[in-house]
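Observations on the three-dimensional arrangement
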Amino acid sequence: MKQLKAIYPGSFDPMTNGHLDLIERGSKIFGELVVAILRNAEKDPLFSLDERMAMLKATTTRFPNVQVSSFEGLLVDYVAKQGAQVVLRGIRAISDYEYELQMALMNRKLDPKIETVFMMPADTYSYLSSRLVKEVFNLGGSVRGLVPELVEEKLRQKAGGSVGDKTRFVAK
Ligand code: PNS
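Everything numeric here is computed off the predicted structure, so don't read it as measured data.

Here we take up the site of the ligand. If you check the shell around the ligand, you find P9, G10, S11, L38, F71, G73, L74, L75, R89, Y99, M103 and N107 and nothing else. For the ligand, an oxygen atom lies 2.8 Å from a polar atom in the backbone of L75. Burial of the ligand by the protein amounts to 73% of the accessible area it has alone, namely 560 Å². In this structure, the ligand is accommodated by the largest pocket. No other element matches helix α4 (residues 94-110), which puts three residues into the shell around the ligand. Looking at the shell around the ligand residue by residue, the class counts come to seven nonpolar, four polar and one charged.

Structure representation (structure tokens):
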């Protein structure tokens, strides 16, 4: 599959070690991998688009065939514009499957040339999500090992305190 270009879309608010694990796996099997952040995914994300881009860029520099970008509108249009053939998505547990299947089939209906490829992150990250990271951090729990150190630092900066020291902030 080395000749294929894949797009790995998502909100990445914030990126987790599960995302990073998938990026590493994707970079090994695709010739090019573009991590594409959806603009306006949420009305009020915790991290701005620029912050999310910066974190993803900083943590993926060791993968020479990985780029970080953003998109708005239909994913299939962005995939076509990029000259890519594949959408890469992670599936952690069976609970992800229904939503992912709907999206993959809708994208296929919109553009039958594009294939969705699902990969599983390492089982250590199978319970991990951006939403839970924000919730745990928000409630004063430690997110060490769940997100890259840089992301942990940025969360701490948002909170104006330290991870796991019961500092509260409101992560939306
Ligand atoms: O990280 P997420 O929130 O699970 O990512 C969802 C994402 C960005 C992949 C999805 O919302 C998306 O592709 N949005 C773009 C709009 C679109 O193309 N919708 C129709 C496809 S179902």
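Scanning the entire structure with this criterion turns up two aromatic pairs. The interplanar angle of 80 degrees and the centroid separation of 5.3 Å between the aromatic rings of Y8 and F12 together place this pair among those described as edge-to-face. Neither residue differs from the other here; Y8 and F12 are each classed as buried.

What counts and what doesn't
Residues numbered from 1 in each chain as written. Predicted model: local features only at pLDDT ≥ 70, side-chain atom pairs only at ≥ 80, totals over all residues. Heavy atoms only, no water. Near = heavy atom within 4 Å. Polar contact = N/O pair within 3.5 Å; in protein donor to acceptor, adjacent residues only side chain to side chain. Areas by Shrake-Rupley, 256 points an atom, 1.4 Å probe, with all protein chains shown as cover. 1 Å grid on protein atoms, 1.4 Å probe; cavity = no way out; pocket = protein on both sides within 12 Å on 5 of 7 lines; lining within 4 Å. Sits in = over half its atoms within 2 Å of the grid points. Helix = DSSP H or I, 4+ residues; strand = E, 2+ residues; numbered from the N terminus. Nonpolar A, V, L, I, M, F, W, Y, C, P; charged D, E, K, R; others polar. Phe/Tyr/Trp six-rings, centres within 6.5 Å; stacked < 30°, edge-to-face > 60°. Buried < 20%, exposed > 50% of the residue type's maximum accessible area, 1.4 Å probe, protein only.

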